[in-house]
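# A closer look at the structure
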Amino acid sequence: MKKSITDLRSVLDILEHKVRALELTDTEWATRAGIRKETLSRLHSRRSCDFATLQALAGVVGARVGVIDGNMPGSTEDGRFPARLDREYEEQLLDLCASGDLEPARWRHCGPAFFMAGLAVMVASVPEFDRRSLLDLAEALHAGSSQVGVFALWLERSPVRPSRFLPMLLAGMRHAA
């Protein structure tokens, strides 16, 4: 399961590791981030910093700093599937699928990208849904997810069972109508 980082020092350690892998000096890192080197140096002794500064530093190495929803379930060790699928989470997934919201950011918020992409591919198989848009969403979430072999892997490992989920989705849509 991915661990959340709760302090500035830990975030800076991760970013510095990426900076060193790119063979950048602190001066180059600060310059590319648009901050003074002294600002970067002072961060090492602080417990907090401006969010925009942290975002700029992360952007240099292709990383992002964001908020992790504490209500979202953790993921499996490989990060592809939710660690658990209880009824509450299943209801959230059903609501998302029934909503017609095809915004990738909204779907990413609800679970691991690979899992959510497979969910979109599965829902695309239902005639009442916009197949093309859902497959496009799936590809935006995880490239290759609409390929037969990739979806077969998803079906094999997913905690969501189409034989249970899809009838519930359709029943919920009929009930709402």
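Notes on the structure in this doc start here. (Residues numbered from 1 in each chain as written. Predicted model: local features only at pLDDT ≥ 70, side-chain atom pairs only at ≥ 80, totals over all residues. Heavy atoms only, no water.)

### Digging into unusual backbone geometry
Applicable threshold: Working definition: helices are DSSP H or I runs of at least four residues, strands are E runs of at least two. Numbering for both runs from the N terminus.
Phi angles above zero are rare outside glycine, and E23 is one such case at about 60 degrees. Counting through the fold element by element, E23 comes out in the loop between helix 1 (8-21) and helix 2 (26-33).

### With respect to the environment of R84
This is how the line gets drawn: With a 1.4 Å probe rolled over the protein chains alone, any residue whose accessible area is under 20% of its type maximum counts as buried; one over 50% counts as exposed, and the rest are partly exposed. Throughout this description, a polar contact denotes any pair of N or O atoms lying within 3.5 Å of each other; where both atoms belong to protein, one of them has to be capable of donating a hydrogen while the other can accept it, and for residues adjacent in sequence the pair is counted only when both atoms sit in side chains.
Among the secondary structure elements, R84 is positioned in the loop between helix 4 (51-60) and helix 5 (87-99). The class of R84 is partly exposed, set by a relative accessible area of 38%. At 2.8 Å, the side chain of R84 and the side chain of D86 are in polar contact.

### Notes on the packing of helix 5 against helix 7 (residues 113-124)
Any two packed helices are characterised by how steeply their axes cross, that is the angle between the axes, and by the distance between the axes. The line we're drawing: In this analysis, axes come from line fits to C-alpha atoms, helices being fitted only over the stretch in contact, and the angle between any two N-to-C directions falls in the range 0 to 180 degrees. Here the word oblique covers every angle except those under 35 degrees (roughly parallel), over 145 (roughly antiparallel) and from 65 to 115 (roughly perpendicular). In this scheme, a crossing is called left-handed if the near helix is turned counterclockwise away from the far one by less than a right angle; it is called right-handed if the turn is clockwise. Residue contacts are defined here by distance: any two heavy atoms, one from each residue, within 4.5 Å place the two residues in contact. Gly falls in the polar group here, along with every residue not listed as nonpolar (Ala, Val, Leu, Ile, Met, Phe, Trp, Tyr, Cys, Pro) or charged (Asp, Glu, Lys, Arg).
Packing of helix 5 against helix 7 brings their axes to within 11 Å, and their N-to-C directions diverge by 55 degrees. On the basis of their axis angle, the class for helix 5 and helix 7 is oblique. At the point where helix 5 passes helix 7, the crossing takes the right-handed sense. Residues Y89, L93, L96 and C97 of helix 5 form the contact with helix 7, whose own contacting residues are F115, M116, L119 and V123. Looking at the contact of helix 5 with helix 7 residue by residue, the classes come out as eight nonpolar, no polar and no charged.

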